[in-house]
Amino acid sequence: MQAHPGPDQRRGPLAGLILLAALLCAGPLAGDPLRIATFNVELARAGPGLLLRDLASGTDKQGALIAGIVAHVAPDVLVLQGVDHDHDGLALAALTQLLAKAGHAMPHRFALSPNSGVPTGQDMDGNGRTGEPRDAQGHGRFSGEGGMAVVSRLPIDAARSVSFTPLLWADLPQGIPPVVDGLPFPSAQAFGVQRLSSVAHWQVAINLPDGGTLDLLTWHATPPVFDGPEDRNGRRNHDETALWLRLLDGALDVPPPAGPFVVIGDANLDPADGNGRPGALAALLADPRLQDPQPRSHGGIAAAQDDGGVNARHRGDPALDTADWNDAGAKDPGNMRVDYILPSTHWRVTDAGVFWPAPDDPLRPLLGEGGNGASRHRLVWADLVRDGL
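Throughout what follows, the structure given in this document is the object of discussion. (Residues numbered from 1 in each chain as written. Predicted model: local features only at pLDDT ≥ 70, side-chain atom pairs only at ≥ 80, totals over all residues. Heavy atoms only, no water.)

## Side note on the sheet that holds strand S4 (residues 147-152)
Part 1 of the argument: Overall, mixed pairing links the six strands, which are arranged S3-S4-S2-S1-S13-S12 in an open sheet. Two strands close off the open sheet at either side, each with one partner strand: strand S3 (108-110) and strand S12 (347-354). Averaged over all adjacent pairs, the angle separating strand axes in this sheet is 20 degrees, with direction ignored.
Part 2 of the argument: With five bridges joining them, strand S1 (residues 34-40) and strand S13 (residues 380-386) adopt antiparallel strand pairing. The residue bridging Ala-37 from the neighbouring strand is Trp-381, located in S13.
Part 3 of the argument: Running over the sheet, helix H4 (residues 61-73) touches S1, strand S2 (77-83) and S13 and is turned about 160 degrees from S1. (Pairing = 2+ DSSP bridges. Helix = DSSP H or I, 4+ residues; strand = E, 2+ residues; numbered from the N terminus. Axes fitted to C-alpha atoms, helices over the stretch in contact; angles between N-to-C directions. Contact = heavy atoms within 4.5 Å.)

## Here's the deal with the packing of helix H7 (residues 232-248) against helix H8 (residues 279-286)
Part 1 of the argument: The interhelical angle for the contact between H7 and H8, taken along N-to-C directions, is 30 degrees, at an axis separation of 8 Å. In terms of orientation, H7 lies roughly parallel with respect to H8. Seen along the crossing, H7 lies across H8 with a hand that is left-handed. Along its contact with H7, which presents His-238, Thr-241, Ala-242, Trp-244 and Leu-245, the element H8 presents Gly-279, Ala-280, Leu-281, Ala-283 and Leu-284.
Part 2 of the argument: Broken down by class, the residue content of the contact of H7 with H8 amounts to seven nonpolar, three polar and no charged. (Parallel < 35°, antiparallel > 145°, perpendicular 65-115°, else oblique. Left-handed = near helix turned anticlockwise from the far one by under 90°. Nonpolar A, V, L, I, M, F, W, Y, C, P; charged D, E, K, R; others polar.)

## Side note on helix H9 (residues 298-307)
Along an α-helix, residues three or four apart share an orientation, since each turn contains 3.6 residues.
Part 1 of the argument: For H9, the complete set of buried residues consists of Gly-299, Gly-300, Ala-302, Ala-303 and Ala-304.
Part 2 of the argument: Looking one or two residues past H9, Gly-308 carries a phi angle of roughly 60 degrees, positive in sign. (Buried < 20%, exposed > 50% of the residue type's maximum accessible area, 1.4 Å probe, protein only.)

## Regarding the side chain of His-377
Part 1 of the argument: Looking at the secondary structure, you find His-377 in the loop between S12 and S13.
Part 2 of the argument: The exposure class assigned to His-377 is buried, which follows from its relative accessible area of 4%.
Part 3 of the argument: There is a polar contact of 3.4 Å between the side chain of His-377 and the side chain of Asn-40.
Part 4 of the argument: Within the structure, the side chain of His-377 is placed 3.0 Å from the side chain of Asp-339, a separation counted as a polar contact.
Part 5 of the argument: Beyond its immediate sequence surroundings of up to four residues, His-377 is in contact with Phe-39, Asn-40, Glu-42, Asp-266, Thr-322, Ala-323, Trp-325, Val-338 and Asp-339. (Polar contact = N/O pair within 3.5 Å; in protein donor to acceptor, adjacent residues only side chain to side chain.)

## Some details on the sheet that holds strand S8 (residues 201-207)
Part 1 of the argument: Judged by pairing direction, the sheet is mixed, and its five strands sit side by side in the order S5-S8-S9-S10-S11 without closing on themselves. Lying at the two open borders of the sheet, with one neighbouring strand each, are strand S5 (156-163) and strand S11 (339-343). Ignoring strand direction, the axes of neighbouring strands in this sheet form an average angle of 20 degrees.
Part 2 of the argument: Along the sheet, H7 makes contact with S8, strand S9 (213-220) and strand S10 (261-266), crossing S9 at roughly 150 degrees.
Part 3 of the argument: Each of S9, S10 and S11 is contacted by H8, which is oriented at about 35 degrees to S11, the strand it contacts most.

## A look at the nonpolar core
Part 1 of the argument: Core analysis: the biggest nonpolar cluster contains 57 residues, and Ile-36, Val-150, Leu-216 and Leu-379 have the highest contact counts within it.
Part 2 of the argument: Not counting the four nearest positions on each side in its chain, Ile-36 is found in contact with Val-77, Leu-214, Leu-216, Val-262, Ile-264, Ile-341, Val-380, Trp-381, Ala-382 and Leu-384.
Part 3 of the argument: Trp-169, Trp-219, Leu-269 and Ala-280 belong to the second-largest nonpolar core, a separate cluster that totals 25 residues. (Core = buried A, V, L, I, M, F, W, Y, C linked by side-chain atoms within 4.5 Å.)

## Looking at the pattern of salt bridges
Part 1 of the argument: Summed over the entire model, instances satisfying the criterion amount to 18 salt bridges.
Part 2 of the argument: Notably, a salt bridge pairs Asp-287 with Arg-289, separated by 2.7 Å at the nearest N-O pair.
Part 3 of the argument: Through salt bridges that share partners, Arg-45, Arg-53, Asp-54 and Asp-60 make up one connected network. (Salt bridge = Lys/Arg side-chain N within 4 Å of Asp/Glu carboxyl O.)

## A short note on the environment of Gly-103
Part 1 of the argument: Following the sequence through the fold, Gly-103 ends up in the loop between helix H5 (90-101) and S3.
Part 2 of the argument: We classify Gly-103 as partly exposed; its relative accessible area is 48%.
Part 3 of the argument: Along the chain, Gly-103 and Ala-67 lie 36 residues apart, while their C-alpha atoms are 8.8 Å from each other.

## What to know about the packing of aromatic side chains
Within a pair of aromatic rings, the relevant descriptors are the distance that separates the centres and the angle that separates the planes.
Part 1 of the argument: Counted under the stated rule, the structure contains four aromatic pairs.
Part 2 of the argument: Relative to Trp-202, the ring of Phe-110 lies with its centre 5.2 Å away and its plane at 80 degrees, an arrangement referred to as edge-to-face. Taken together, the residues span a long stretch of sequence, with Phe-110 in strand S3 and Trp-202 in strand S8 at a distance of 92 residues.
Part 3 of the argument: Residue Phe-110 is classed as buried on the basis of its relative accessible area of 7%.
Part 4 of the argument: Taken together, the aromatic side chains of Phe-164, Trp-219 and Trp-244 make up a single cluster linked through ring pairs.
Part 5 of the argument: Directly above the aromatic system of Trp-381 lies the positively charged group of Arg-35, at a separation of 4.2 Å from the ring centroid. (Phe/Tyr/Trp six-rings, centres within 6.5 Å; stacked < 30°, edge-to-face > 60°. Lys NZ or Arg CZ within 6 Å of the ring centre and 35° of its normal.)

## Observations regarding the environment of Ser-198
Part 1 of the argument: Within the fold, Ser-198 resides in the loop between helix H6 (188-191) and S8.
Part 2 of the argument: By relative accessible area, which is 5% here, Ser-198 ends up buried.
Part 3 of the argument: Remark: the alpha-carbon pair of Ser-198 and Ser-152, spanning 46 residues in sequence, is separated by 24 Å.
Part 4 of the argument: Residues in contact with Ser-198, not counting those within four places in the same chain, are Asn-115, Ser-116, Gln-137, Gly-138, His-220, Ala-221, Thr-222, Arg-236 and Glu-240.
Part 5 of the argument: Within the structure, the side chain of Ser-198 is placed 3.5 Å from the backbone oxygen of His-220, a separation counted as a polar contact.

It is worth stressing that arrangement in space is one thing and function is another; only the former is reported here.
The structure is reproduced here in structure tokens:
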């Protein structure tokens, strides 16, 4: 597999500038591999409007690094996490302008209001207080903090897309919500308004060059930590991933996707290491309707060796890691695989990778200072071809 291919490496020589311009605007031709990617860019800021201010300034180092990474990998469709949401989509528009300036235009955008920061008026974490970030539908200091988005070179069919974000946790079939002494935690009243999604769950329809449709099943789950013995976050993390299993099984009010699809996003859970309840993720990775390309990098291997600490006790393959977290403390998670691209069996995977250049790779500066200047997460990509084409 290629470690870090650019757009010319995967599509071959182009016959003239006119064809080059057409491909940059229109995406892949029918039969060409479709490059799909997910990237938790960690662009959340401390208050509403600050992300737009930073990106529009033209001097934001993090935004420039992110744009450089995306332009190098050159995905046709990119799912983003950790992007503050505003009603008019101005911050996302500013980010796509940075992508275009870096040489990779992605003119089509999809972003709905997330659950993060949405007030509930309830004490959702059981600490006796209300109005705190953990009392929102999903952790957030303001409505829209750290939302999600999809940007694409291919048209997005918003009318055929579905949001599961309003779904109440209590309405998820076979859910495992927190219970203390036989009663809902933190209270029946609070749990009665609790939505399942800590950020969002979407089924986003992408129009393909051959006239078909790709459905992205995308989400950003809560970390399975930062709670008490009731394991509220651990259980919620499990059920946020389990939602896709329920959808594919036909257990929800929305029918499962009829054609090719990809489960893609940030599960905030490693199947082998760290805290959490891995049952739903393990079931998703082993589901016969899906395939796991296991994207890899050389940088992940080097980071686990160089960082040491808790990484030395990890059981998982460090080449699969997608996040570079603290390693030294007893409770630090270390580097983990938490970002996933799981295509349905309608697809043939021709290549896949994690953009994590090794320390001696000339592309290493794209990650920024200390390797995490762009984000602690790494962009994950896969090249897909419709099976039979």
